[in-house]
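Coordinate inspection notes
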Amino acid sequence: MKTLDALLTHYRELALLESVDALLGWDTETQAPVGSMDLREEQMGALAKSLYRLRTHPEFREGVLALNSKALPDSHAQAQAAKLQKDLHKDLALNETFVSRQAERRVRLQNQWKLARQEKNFSKVSADLQQYLELVREQNARYRDSVGLKTWVEGRSDYELCLDEYEPGFDAATLRRLLGELVQATQSRLPKILDRQRTGQNQKMSLDSKAQEKLCLNVARQMGFDFSRGRLDVSTHPFCGGHPLDTRITVRYNTDDFTEALLSLVHEVGHALYEQGLPKDALHTPCGKAASFGIHESQSRLWENFVGRSLPFCQWLGGQTQMSPQDLFGHLNHVSKSWIRTESDEVTYNLHIALRMGIEEDLVEGRLKAKDLRDRWNADFKALFGLDVPSDDLGCLQDIHWFGGAFGYFPTYSLGNLVAAQLMERFLGEVGEATWNSSVEKGDWSRLLQSLRSWVHSQAAFKKSPDTIREALGGQELSSAAFVRYLDRKYLS
Ligand SMILES: [Zn+2]
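A few points on the structure. (Residues numbered from 1 in each chain as written. Predicted model: local features only at pLDDT ≥ 70, side-chain atom pairs only at ≥ 80, totals over all residues. Heavy atoms only, no water.)

1. Regarding the coordination of the zinc ion
- With distances of 2.1 to 2.7 Å, the protein atoms coordinating the zinc ion are His 267 (NE2), His 271 (NE2), Glu 297 (OE) and Glu 297 (OE).
- Coordination at the zinc ion is irregular: its four donor atoms span angles of 49 to 126 degrees at the metal.
- The sequence pattern formed by the donor residues of the zinc ion is H-x3-H-x25-E. With His 271 in helix α11 (residues 258–276) and Glu 297 in helix α12 (residues 293–308), this pair connects stretches of sequence that are 26 residues apart.
- His 271 gets classed as buried once you look at its relative accessible area, which sits at 9%.
- Judged by its relative accessible area of 7%, Glu 297 falls in the buried class. (Donors = N, O, S within 2.8 Å, 3.2 Å for Na, K, Ca; no water. Tetrahedral: all angles 85-135°; square planar, octahedral: opposite > 155°, others 65-115°. Helix = DSSP H or I, 4+ residues; strand = E, 2+ residues; numbered from the N terminus. Buried < 20%, exposed > 50% of the residue type's maximum accessible area, 1.4 Å probe, protein only.)

Below you can see the structure in the form of structure tokens.
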């Protein structure tokens, strides 16, 4: 295996097996019988081992290490080579023993978290979390010792090494600044927004599951989801998974409030359209994927918040459900201070993220011990929201991320909000607000997908996250201004 083409052929096998893993994951959440879980664990374990072996296969390894970027014909080939090399060096920095120890501890941590959450008692999982954090520190130390990763680790903090997994090329200072601006803008506006809000959010939103499913299928189709290479199913937590050629989305129907499933459907289809819109000729290559988690989230949030929670969409939805568009709009845009991130509105959402980023950065850098997490969370929550946290399940135990080993993931949610706001401004600037609103009311949303395809989806992961974002925004720098303008117009004008 000497040429880049030969290496990419080997990589293709790897990518195909990874997609089998994704499909098994989908099946686990949606179809698999309870009694098959032991088998499933073994299947996934065996697959993970094969994948690691394929990634570090001796011939492949030598070929990747010998690649000379300068001899490659164009920037795309160079990007593929750079990604192959970085991923390989990361794999080599961690040996098989370390990887399996980490996987075992992660399973243990997650199980302990479930128990602790049931008992609403963080103390039950605190020791396991601390042990896992030590492994994160060891992982980062191994990266720093790797000669092949020298230029990558240089000048990056430990937290930034974690962050790079989700948002390649982003620095913590920029994220901290953006979140700081969002916190300040939110806190100064929140009292007025709450004050102006219409009271009495008791409109009936009940609808049976069959009717909800029909509506969801209809909305997904109109957004542009291709059902000839995708499915909609039911799972406890909605998600989008699978593969660009076989994309799986899920929702959960609550018969008391159909808007829950509908809005999560719009969100997940936003993710799915990105996957389905990735360039076909780059599929199964290192750069043929989504550019980052934040950019993925910008796609889902753009559809969910800027389309799904807009008045023109509520007007269309009113026609479908015989409900008042104004009631729907009020219901979908109700703002309140709450403890749970996933249930929060688009105004207070970023406060939840700012809280988490500050804490996870200190955990990873060793400035905060797991045993002090609850106290820190509750104090920071009080400072941001002015509320006491009544129990750990409404506080530091609510999210799976840290207990599933994901540190550096949270800021990508707010990044998604900001990118979405700027993309929408660009889009409205080109199409015109009145034209867009009237086509949304009529149920024609195709123009938006067209722009997202060309600005975002077609770029795949050939560039680092900040460069992909700049290009998607037509050369503009990322900032919090468009999002704040959006809040002002929607909630305060
Ligand atoms: Zn999402």
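More follows now that the structure is in view.
2. A short note on helix α21 (residues 481–492)
- The terminal C-alpha atoms of α21, which comprises twelve residues, lie 15 Å apart, in line with the 16 Å expected from a rise of 1.5 Å per residue.
- Taken residue by residue, α21 has Ala 482, Phe 483, Val 484, Tyr 486, Leu 487, Tyr 491 and Leu 492 as its buried positions.
- The elements touched by buried residues of α21 are α9 (172–196), α12, α15 (349–364) and α17 (411–431). (Expected span 1.5 Å × (residues − 1). Contact = heavy atoms within 4.5 Å.)

3. Notes on the sheet that holds strand β2 (residues 240–243)
- One open sheet holds the three strands; their spatial order is β1-β3-β2, and the pairing between them is mixed. Single-partner strands in this sheet number two, and they are β1 (230–234) and β2. Going from strand to strand, the sheet's axes swing by 20 degrees on average, the running direction of each strand aside.
- Two elements, β1 and strand β3 (residues 246–251), share five bridges in a ladder whose sense is parallel. What sits directly across from Arg 231, in β3, is Arg 248. (Pairing = 2+ DSSP bridges. Axes fitted to C-alpha atoms, helices over the stretch in contact; angles between N-to-C directions.)

4. Some remarks on the packing of aromatic side chains
- Applying the stated criterion across every chain yields a total of 18 aromatic pairs.
- On the numbers, 5.2 Å between centres and 50 degrees between planes, the contact of Tyr 166 with Tyr 409 is tilted. Residue Tyr 166 is found in the loop between α8 (158–163) and α9, and its partner Tyr 409 is found in the loop between α16 (373–385) and α17; the two are separated by 243 residues along the sequence.
- By relative accessible area, which is 12% here, Tyr 166 ends up buried.
- Pairing Phe 225 with Phe 227 gives two aromatic rings, centres 4.8 Å apart and planes at 75 degrees, and the pair type is edge-to-face.
- The exposure class of Phe 227 is partly exposed, given its relative accessible area of 26%. (Phe/Tyr/Trp six-rings, centres within 6.5 Å; stacked < 30°, edge-to-face > 60°.)

5. Quick word on the side chain of Thr 186
- Positionally, Thr 186 belongs in helix α9.
- We classify Thr 186 as buried; its relative accessible area is 2%.
- The contacts of Thr 186, once residues within four sequence positions are left out, are Val 347, Thr 348 and Leu 351.

6. Comments concerning α11
- Helix length check: α11 (19 residues) gives 26 Å between terminal C-alpha atoms against 27 Å at 1.5 Å per residue, within 8%.
- Burial within α11 is extensive, with 18 of its 19 residues counted as buried.

7. With respect to the pairing of β2
- Sheet topology places β2 next to β3; four bridges connect them, and they run antiparallel. For Gly 242, the partnering residue across the bridge sits in β3 and is Thr 247.

8. A word on unusual backbone geometry
- Its identity is not glycine, yet His 284 carries a phi of approximately 65 degrees, on the positive side.
- Take His 284: it is sitting in the loop between α11 and α12.
- The phi dihedral of Ala 460 falls on the positive side, at around 45 degrees, and the residue is not glycine.
- On the secondary structure map, Ala 460 appears in the loop between α19 (446–455) and α20 (465–472).
- Exposure remark for Ala 460: the relative accessible area of 0% places this residue in the buried category.

9. Focus on the packing of α15 against α17
- Where α15 contacts α17, the two axes come as close as 8 Å, and the packing angle between them is 140 degrees. As summarised for this structure, α15 and α17 are arranged oblique, according to the angle between their axes. Crossing of α15 against α17: the hand is left-handed. Where α15 approaches α17, its residues Tyr 349, Asn 350, Ile 353, Met 357 and Glu 360 are matched on the opposing element by Pro 411, Tyr 413, Ser 414 and Asn 417.
- Residue composition of the contact of α15 with α17, grouped by class: five nonpolar, three polar and one charged. (Parallel < 35°, antiparallel > 145°, perpendicular 65-115°, else oblique. Left-handed = near helix turned anticlockwise from the far one by under 90°. Nonpolar A, V, L, I, M, F, W, Y, C, P; charged D, E, K, R; others polar.)

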